[in-house]
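# Coordinate analysis (summary)
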Amino acid sequence: MEGYVLIALKSIAVYVFIVAAIRFFGKKEFAQLSVVDVVFILLISNAVQNAMVGSDSSLGGGLVAAFALFVMNYGFKFLSSYSPFLAKAIEGEPVLLIYHGVVKESGLKKAGLTLVQLEAVVREHGVSSLSEVDLAVFEVDGNISVLTDNYRNSSKRKHKALQIIGRNTA
């Protein structure tokens, strides 16, 4: 039993570390998974497996580690729903990118986007010019919401354009 408690505690520590690392390096990286992202996730999971279960490769050890991860995930979501401070710390907050057709450079910098990427995302939303956008927001889930036509037309899509840009520059 003592070994299982240690596995649970190590799993919780790894979970907290991974959440903090994703928060630090930005959600933009996980909003649209590319092949590189999938490989990265697989390597991270392999790298931390031994840190969680150590030499215990038993079914029980694996189930305890998985259970601890599920409990932490549920706990973070539960606490985030009751604490705006914790929700902001874990998930971040939306970032204003365009307001009344004017690009907010500070928002682009904070979101880690370039003007070229923003233009591509806006076109993906069916808008031909940044000046036509009433509001564009980089959401906490890594997507970009775009409102046009005096805030009447809105769309929220995963920004696939970032992947297209990456392929065209290679």
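Residues numbered from 1 in each chain as written. Predicted model: local features only at pLDDT ≥ 70, side-chain atom pairs only at ≥ 80, totals over all residues. Heavy atoms only, no water.

So the rule is basically this: UniProt positions are given in the numbering used here, feature names are shortened, and annotations may be inferred rather than shown by experiment.
An unreviewed UniProt entry lists the protein chain under the name YetF domain-containing protein, from Aquirufa novilacunae. Under the heading Subcellular location (unreviewed entry), UniProt records this for the protein chain: "Cell membrane". On record in UniProt, under Sequence similarities (unreviewed entry), the comment for the protein chain is "Belongs to the UPF0702 family."

## Regarding the nonpolar core
Put simply, the test is: By nonpolar core we mean a set of buried residues, namely Ala, Val, Leu, Ile, Met, Phe, Trp, Tyr and Cys, connected to one another through side-chain atoms within 4.5 Å. Accessible area is worked out with a 1.4 Å probe on protein chains only. A residue is then buried under 20% of its type maximum, exposed over 50%, and partly exposed in between. By the convention used here, residues are in contact when the closest approach between their heavy atoms is within 4.5 Å.
Leu97, Ile98 and Leu118 are the most contacted members of the largest nonpolar core, which totals 17 residues. With sequence-adjacent residues up to four places away left out, Ile98 is seen in contact with Val103, Leu118, Val122, Leu130, Val133, Asp134, Leu135 and Ala136. Within the second largest apolar cluster, six residues are counted, among which are Ile7, Met52, Val53 and Ala65.

## Some words on the environment of Lys104
We apply this condition: Runs of E in the DSSP output that reach at least two residues are strands. Runs of H or I that reach at least four are helices, and both are numbered from the N terminus.
Looking at where Lys104 falls in the secondary structure, it is placed in the loop between strand S2 (102-103) and helix H6 (105-111). Among all residues touching Lys104, those that are not within four sequence positions of it are Leu96, Leu97 and Tyr99.

## A short note on the packing of helix H4 (residues 59-82) against helix H5 (residues 84-91)
Note the following rule: Here, axes are lines fitted to C-alpha atoms. For helices the fit covers the stretch in contact, and angles between N-to-C directions go from 0 to 180 degrees. For classification, angles of less than 35 degrees are called roughly parallel, those exceeding 145 degrees roughly antiparallel, those between 65 and 115 degrees roughly perpendicular, and all remaining angles oblique. By definition, turning the near helix anticlockwise from the far helix through less than a right angle yields a left-handed crossing, and turning it clockwise yields a right-handed one.
Contact geometry for H4 and H5: axes closest at 5 Å, N-to-C directions at 125°. Accordingly, the angle class assigned to the pair H4 and H5 is oblique. Handedness of the H4/H5 crossing: left-handed. Packed against H4, whose contacting residues are Phe76, Leu79, Ser80 and Tyr82, the element H5 presents Pro84, Leu86, Ala87, Ile90 and Glu91 at the interface.

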